[in-house]
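Listed below are the residues making up each chain.
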Amino acid sequence: MFLYLSKLLPLFIYPLGLISLTLVVALIFMKKRPLIARISIILSLLIVLISSNGWIPLYLVRSLEWQHLPPRELPTAEAIIVLGGSTRSAHPPRPTVDLLEQGDRVIYAAQLYRQNKAPLIILSGGRIDWRGSGTSEATDMANILTSIGIPSTALIEEPDSLNTHQNAVNVKKILVERNIKKVLLVTSAMHMPRSLLIFQKQKIDAIPAPTDFLVSEGELAELSATPKAAILSIIPESSNLDKLTRVIKEYIGLAVYRLRGWL
């Protein structure tokens with residue numbers, strides 16, 4: 001039930017959910033309370049303009065992504081942990097497993113392995129039942145890694161986790177069984193602040209190895225590179241709406257996980 005509510009309730013806080021709610025209010029009160037309807041429509045427009053321009057979403061993304069910037073040279077460890085949330089199973093007509101935007105996690109783990117940063121890769125992630133049947137995300141990631149030359153003997157699958165807290169708890173059991181002390185934690189840069197705190201709560205010596213950065217120094221500089229660029233950055237874009245939604249999701253996750261004592 002907690003998992004279901006954690007996915008459902010934030011929809012009323014995300015920009016698109018709020019826009020939908022305010023428009024529904026406008027439709028309900030359009031005839032009897034036109035003032036309320038007008039206010040609701042104006043509020044919807046303001047939410048669109050605020051949440052989908054280039055300035056606010058990018059700087060909020062940076063507030064999360066730049067908390068654990070990677071060093072020039074990552075240290076070696078005993079294992080690389082890759083968190084799920086980056087694949088689609090190979091259901092027809094897909095010929096194989098697809099990588100999402102967050103799929104950089106899988107590729108980065110392969111690169112770290114080939115750089116001899118660690119001899120093992122632990123893949124952690126289950127499959128939420130209402131998002132379709134199929135193999136676990138851990139198995140999907142393993143299939144991708146073996147297809148690009150990573151030996152199956154270097155891979156350990158943890159296929160039961162359905163959220164980041166479960167990732168840490170279940171991975172901890174593997175680390176204890178194998179007497180692994182130090183790991184590289186690979187996940188999206190925006191997800192890293194919450195993930196690292198959760199793993200540290202489980203007494204795991206995890207070194208952050210973030211990837212999948214949505215905001216770079218160059219992209220921030222482009223916002224105000226010229227007066228024209230600054231004006232164009234105000235124009236609403238769906239990609240910016242998605243970025244802000246993901247930021248809100250992470251900050252909600254930080255608050256909820258802290259209340260549950262998982263951080």
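Residues numbered from 1 in each chain as written. Predicted model: local features only at pLDDT ≥ 70, side-chain atom pairs only at ≥ 80, totals over all residues. Heavy atoms only, no water.

1. Remarks on the side chain of Asn163
Then, in step 1: Mapped onto the elements, Asn163 comes out in the loop between β5 (155-158) and α7 (164-178).
Then, in step 2: Note on Asn163: relative accessible area 13%, which makes it buried.
Then, in step 3: Within the structure, the side chain of Asn163 is placed 2.8 Å from the backbone nitrogen of Gln166, a separation counted as a polar contact. (Helix = DSSP H or I, 4+ residues; strand = E, 2+ residues; numbered from the N terminus. Buried < 20%, exposed > 50% of the residue type's maximum accessible area, 1.4 Å probe, protein only. Polar contact = N/O pair within 3.5 Å; in protein donor to acceptor, adjacent residues only side chain to side chain.)

2. As for the packing of aromatic side chains
Then, in step 1: For the structure on display, the rule yields 1 aromatic pair.
Then, in step 2: A ring pair is formed by Tyr257 and Trp262, whose centres lie 4.9 Å apart and whose planes are at 90 degrees; its orientation type is edge-to-face.
Then, in step 3: Taking the relative accessible area as the measure of exposure, Tyr257 reaches 7% and is therefore buried.
Then, in step 4: One residue, Arg62, lies across the ring of Trp66, its end atom 5.3 Å from the ring centre.
Then, in step 5: A cation over a ring is seen here: Arg194 above Tyr257, with NZ or CZ 4.9 Å from the ring centre. (Phe/Tyr/Trp six-rings, centres within 6.5 Å; stacked < 30°, edge-to-face > 60°. Lys NZ or Arg CZ within 6 Å of the ring centre and 35° of its normal.)

3. Topic: helix α5 (residues 104-114)
Residues spaced three or four apart along an α-helix point in a common direction, a consequence of the helix completing one turn every 3.6 residues.
Then, in step 1: Among the residues making up α5, those that are buried are Arg105, Val106, Tyr108, Ala109, Ala110, Leu112 and Tyr113.
Then, in step 2: Of the surrounding elements, those touching the buried residues of α5 are β1 (79-83), β3 (98-99), β4 (121-124), α6 (137-147), β6 (182-188) and β7 (205-211).
Then, in step 3: Remark: Asn116 follows α5 within two positions and exhibits a positive phi of approximately 60 degrees. (Contact = heavy atoms within 4.5 Å.)

4. Examining the pattern of salt bridges
Then, in step 1: One pass over the full model with this rule turns up 5 salt bridges.
Then, in step 2: With a closest N to O distance of 2.4 Å, Glu73 and Lys117 form a salt bridge. In this pair, Glu73 sits in the loop between α4 (55-65) and β1 while Lys117 sits in the loop between α5 and β4, placing the two residues 44 residues apart along the sequence.
Then, in step 3: With relative accessibility at 57%, the residue Glu73 sits in the exposed group.
Then, in step 4: When its relative accessible area of 6% is taken as the criterion, Lys117 is described as buried.
Then, in step 5: Across the pair Arg194 and Glu250 runs a salt bridge whose closest N-O atoms are separated by 3.0 Å. Taken as a pair, Arg194 in helix α8 (residues 192-201) and Glu250 in helix α11 (residues 238-259) lie far apart in primary sequence, 56 residues in all.
Then, in step 6: Given a relative accessible area of 6%, Arg194 falls into the buried group. (Salt bridge = Lys/Arg side-chain N within 4 Å of Asp/Glu carboxyl O.)

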